[in-house]
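A structural walkthrough
Chain residues, written in single-letter form:
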Amino acid sequence: MLVAEKTHHINTYIYGQGSDYVIQILREKLPDIQVLQEDESSPDDDKYIDSRDSEIMKEIEEQVTPGDVLKIRRENKAWSQAELSQRSGIAVPNISLMEAGKRPIGARTAKRLALALGCDVSDFIK
């Protein structure tokens, strides 16, 4: 038995600087693509807010600790605590305690972590 499935549409919204360039690339790579452009002053703009201004994001940011951020940053690089220790000069037990929230991350330590992980110092200071 043959089964035919209808191709599903993918709706994607592209806004901001460089959006025209992205649309140009999409048109080159996908000649059958349909691009619907909205007017800059579209009334739909009132529906969208910056996610950083949403209540849910504010609640999440309040719950995330500097230790959580440290662990996420380290895991995103696929580094072990030992590798981060080697790159930052901070002992593995201290990294473990910081990630567990049992040891605060001071300013000097935050600088060393930020340098090793390639992120901003403010990620580790609350």
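What comes next concerns the included structure. Fair warning: this is a prediction, and the values are worked out from it, not measured in the lab. (Residues numbered from 1 in each chain as written. Predicted model: local features only at pLDDT ≥ 70, side-chain atom pairs only at ≥ 80, totals over all residues. Heavy atoms only, no water.)

It is worth spelling out the nonpolar core at this point. Counting 15 residues, the largest nonpolar core has L70, L84, M98, I105, L113, L117 and F124 as the members making the most contacts within it. Those elements giving two or more residues to this core turn out to be α3 (66-76), α5 (92-99) and α6 (107-117). A per-element tally of this core places α6 first, with 5 residues. In this structure M98 touches G67, L70, I90, R103, P104, I105, T109 and L113, once residues within four positions along its chain are discounted. (Core = buried A, V, L, I, M, F, W, Y, C linked by side-chain atoms within 4.5 Å. Buried < 20%, exposed > 50% of the residue type's maximum accessible area, 1.4 Å probe, protein only. Helix = DSSP H or I, 4+ residues; strand = E, 2+ residues; numbered from the N terminus. Contact = heavy atoms within 4.5 Å.)

On to the side chain of R74. By the element assignment, R74 lies in helix α3. Residue R74 is classed as buried on the basis of its relative accessible area, which comes to 8%. Not counting the four nearest positions on each side in its chain, R74 is found in contact with W79, S80, Q81, L84, E99 and L117.

What follows deals with a negative patch on the surface. Residues E55, E59, E61 and E62 make up a contiguous surface patch of negative charge. Residue position: E59 is located in helix α2 (residues 55-63). On the basis of relative accessible area, E59 is assigned to the partly exposed category, the value being 44%. (Patch = residues over 30% accessible without salt bridge, like charges linked within 9 Å, V, L, I, M, F, W, Y side chains within 5 Å. Areas by Shrake-Rupley, 256 points an atom, 1.4 Å probe, with all protein chains shown as cover. Salt bridge = Lys/Arg side-chain N within 4 Å of Asp/Glu carboxyl O. Lys, Arg positive; Asp, Glu negative; His and termini not counted. Charge placed at Lys NZ, Arg CZ, Asp CG, Glu CD.)

As a further point, take the pattern of salt bridges. Pairing of side chains with opposite charge becomes possible as their charged atoms draw close. Counted under the stated rule, the structure contains 3 salt bridges. Of the charged contacts, one joins E83 and R87 as a salt bridge, the two residues approaching to 3.0 Å between their closest N and O atoms. With E83 and R87 both in helix α4 (residues 81-88), this residue pair falls 4 residues apart, about one helical turn. On the basis of relative accessible area, E83 is assigned to the partly exposed category, the value being 26%.

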